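Topology and contacts: notes
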Amino acid sequence: MLVQAPDLPRMLCMKGTKYYGLYTYKNAWDAEKKRSYRVKGSTKCVGIMVSGDKTGKIKWSDEFLSEYPALESLISQRDEKGNITFSPLDEETQTITVKDALSAQRYHAGATWVLDHIIADTPLVKALNRTFGKYNLNKKILSLSYFLNLSEGNAMTRYENFAATHRLPWQHTLTSSAITRIFQNISSEQIDRFVAKLNLLSIDESKQDCRTKYWALDSTSISTYSTNLSKSSYGHNKDGDNLPQVNVLMVVDQQTGEPVYYRTYNGNVPDIVTVKHLLQEHARIRLDSNAVFVADKGYGSVANIHRFYQNKTSFLINLKTSFSICRNIFDEARLDLFDPLNFNEDINNSCTSREITWSYPVNFKTDCKRAPRLKEKMYMHIYYDREIFNAHQRTITTNISKVAKMLQKGETLSPALKHIKDTFLIESVSSDGSITYSTNRKALDDYLKMKGVRILVSNEVKDPIEAYKAYFDRNEVEYAFRLFKQRLGFNRMRVSSNDSLEGKAFIQFIATSIAIMLRKRIANALKDNPKLKLAYDSEPVVLDKLDSIIETRFSFGSYYSEVVGGLKELFKALGIPEPSEELAQEAYEADTEAEEKDLFEEELEQEIQTPYQALE
């Protein structure tokens, strides 16, 4: 039954990326051209056609409903002639009709539901929303990141088919050309703002957390076949590819897996050099001064330790045991280290610590021939793993014996075995001309001296057990970084122009961050629920299982398939609510509102000047 409707303003019906939208506008008279024209900037989206066509049910915007509250109790329909008709709203009629059932869309939804909750209210998603909110670019970035996590490889040509079958933050079609434009629209300046906001939000969040924050510092190389990328160069390729590469550096909170910092840099820049730039960035964007950077041997150098002290930044670094300071401190600590009382079962290592004084140059220019120096405390934690030592001893002993036997038989040695001969064997010639070999004990002892020894140094962490656990948490982040680099296909950049490089690398960074956050959530769930039937290295398996949950979406909402058995336990262990019809409806409405905003902003940007036919 049709009812009396409020007197509405004239409207235009225009097509956006998927939905048709209804727009109010203002006209003015052009005296010179003798015709009316639409006033620039007056176009305003007030509703969309839910069907995706010009006819059918209308969903009005909240702002428009506040102007015309009578519409809230009416069902609004647009017919083929452009007329809008109204009928009473009867909630009992909100049932699934045959037409609804035939037009229902079904999406794989469980995995993306979990990813939504993993990142919800984190600094990562807040910084994305605040930096890339225009034209819903934040939702599109997340959708592409979800695709990289749920699909094998990173070929964006497959995204369109993927999006048609998966529930995503941005549910609308993105063609290959649209994705390329997204890459091109992510600028270095935006990434810079994102990193700054990410850090500020992380600091705000950590004020409520009294724990010591450990930040894993790591980098990787991404190979490319392109010869047009300004940042691609030959360097130390971590995948062993004989290709030019682009390097990517990340800083990650080890407790949560949340990213803190990110940048790309030239492929020929070694890891050890990047610390200087990172600390400059630390000061420029005010990275959290209370965090401890945790780094492996690739970042451990005397110059870098100087830089950490100069910048008043906390660090925990694994030093190369070939450094003379490491060998000397090991000699000094040897008796304590081998004392059974210093064996720790928690870390399965013997350990001891020394406090030393570190002298470093003042970080400013002076007229002195020799820069003045300052002194600070440094904690050196020394660990010894007997099993690692035994493995090295067994290997080198076997190889020395093998080389000696080959020499006696007159067999040819490979370059590696020849090196063993020259280093560990002493050749003797007897009076009758026969040749014998003996072991060079000094060389062997020198080679084995530091095997099984690890030395961590810090200006902040005094306790050796805490330092050890913090360092190995960093190893877990590094492992996750490598794992997802392989699974997400990041061993190839797959871009050919500088315009797309930063955007593609940034989306890969977001995808990797989400993957690490998921891995940390699963790891924490396993610690709290040891009986949970879940293999640790099984993120793809977890996502595949979750992907079996289906969302069925209708014109007025959606519902999820039932969550049963092991999946119920999994949701509980991860601390994530099961998908529900109510939350699905909220997600549907939020997506619809995003489409309204996108339609309006697209029309404004295009500044369409052609006249439109108003609705009758």
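Above this text sits the structure in question.
Just so it is clear, the model here is predicted, and its values are computed rather than measured.

1. Regarding unusual backbone geometry
One non-glycine residue, Asp121, adopts positive backbone phi at about 65°. Locating Asp121 in the fold gives a position in the loop between helix H3 (110-119) and helix H4 (123-132). Among the residues examined, Asp121 registers a relative accessible area of 61% and is labelled exposed. In this structure, Lys312 is a non-glycine residue whose phi angle is positive, near 55°. Of note, Lys312 is situated in the loop between helix H10 (302-310) and strand S14 (314-319). Residue classification places Lys312 among the exposed positions, given a relative accessible area of 58%.

2. What to know about the pairing of strand S20 (residues 453-458)
Counting buried residues in S20 gives five out of six residues, a clear majority hidden from the surface. Relative to S20, S14 runs antiparallel, the two being bridged by four bridges. Paired with Ile317 across the strands is Val457, a residue of S20.

3. With respect to the nonpolar core
As a rule of thumb, soluble globular proteins bury nonpolar side chains together. Phe194, Phe506 and Ile510 are the most contacted members of the largest nonpolar core, which has 111 residues in total. Looking at this core, the element that brings in the most residues is helix H16 (residues 498-528), giving 13 residues. Beyond its immediate stretch of four places on either side in the chain, Phe194 contacts Leu124, Ala127, Leu128, Thr131, Phe132, Phe506, Phe509 and Ile510. In this structure, Leu22, Ile58, Leu74 and Phe86 belong to the second largest nonpolar core, which totals 15 residues.

4. A word on the packing of aromatic side chains
Throughout the structure, instances matching the rule amount to 23 aromatic pairs. A ring pair is formed by Trp113 and Tyr560, whose centres lie 5.4 Å apart and whose planes are at 70°; its orientation type is edge-to-face. Of this pair, Trp113 sits in helix H3 while Tyr560 sits in strand S22 (residues 557-560), placing them 447 residues apart in sequence. Looking at Trp113, the relative accessible area reads 3%, which means it is buried. Taking 6.4 Å as the distance between ring centres and 45° as the angle between the ring planes, the aromatic pair formed by Phe132 and Phe194 counts as tilted. Linking Phe132 in helix H4 with Phe194 in helix H8 (residues 188-206), this pair joins segments that are 62 residues apart in sequence. Among the aromatic residues, those joined into a ring-pair cluster are Trp215, Phe293, Phe308, Tyr309, Phe315 and Tyr360. The lysine or arginine in question, Lys140, covers the ring of Trp170, its NZ or CZ lying 5.0 Å from the ring centre. Against the face of Tyr447 rests Lys451, its NZ or CZ located 4.5 Å from the ring centre.

5. Section: the environment of Lys297
Here Lys297 shows up in the loop between strand S13 (292-295) and H10. Residues Lys297 and Ile317, spaced 20 residues apart in sequence, show a C-alpha to C-alpha distance of 7.1 Å. Discounting chain neighbours no more than four positions away, the residues touching Lys297 are Asn318, Leu319 and Lys320.

6. A closer look at the packing of helix H17 (residues 539-546) against helix H18 (residues 565-574)
Axis separation between H17 and H18 bottoms out at 11 Å; the angle between their running directions is 120°. The two elements H17 and H18 cross, and the hand of that crossing is left-handed. Two secondary-structure elements touch here, H17 through Val542, Lys545 and Leu546 and H18 through Leu567, Leu570 and Phe571. A breakdown of the residues in the contact of H17 with H18 according to their chemical character gives five nonpolar, no polar and one charged.

7. As for the sheet that holds strand S1 (residues 11-15)
Read across the open sheet, the six strands follow the order S1-S2-S5-S6-S7-S8; overall the sheet is antiparallel. Looking at strand neighbours, the two that pair on one side only are S1 and strand S8 (84-88), the edges of this open sheet. On average, each strand axis in the sheet is tilted by 35° relative to the strand beside it, whichever way the strands run. In this structure, strand S5 (residues 44-49) lies alongside strand S6 (residues 56-60), joined through three bridges in antiparallel fashion. Each bridged residue has a counterpart across the sheet, and for Met49 the counterpart in S6 is Ile58.

Cut-offs used in this document
- Residues numbered from 1 in each chain as written.
- Predicted model: local features only at pLDDT ≥ 70, side-chain atom pairs only at ≥ 80, totals over all residues.
- Heavy atoms only, no water.
- Helix = DSSP H or I, 4+ residues; strand = E, 2+ residues; numbered from the N terminus.
- Buried < 20%, exposed > 50% of the residue type's maximum accessible area, 1.4 Å probe, protein only.
- Pairing = 2+ DSSP bridges.
- Core = buried A, V, L, I, M, F, W, Y, C linked by side-chain atoms within 4.5 Å.
- Contact = heavy atoms within 4.5 Å.
- Phe/Tyr/Trp six-rings, centres within 6.5 Å; stacked < 30°, edge-to-face > 60°.
- Lys NZ or Arg CZ within 6 Å of the ring centre and 35° of its normal.
- Axes fitted to C-alpha atoms, helices over the stretch in contact; angles between N-to-C directions.
- Left-handed = near helix turned anticlockwise from the far one by under 90°.
- Nonpolar A, V, L, I, M, F, W, Y, C, P; charged D, E, K, R; others polar.

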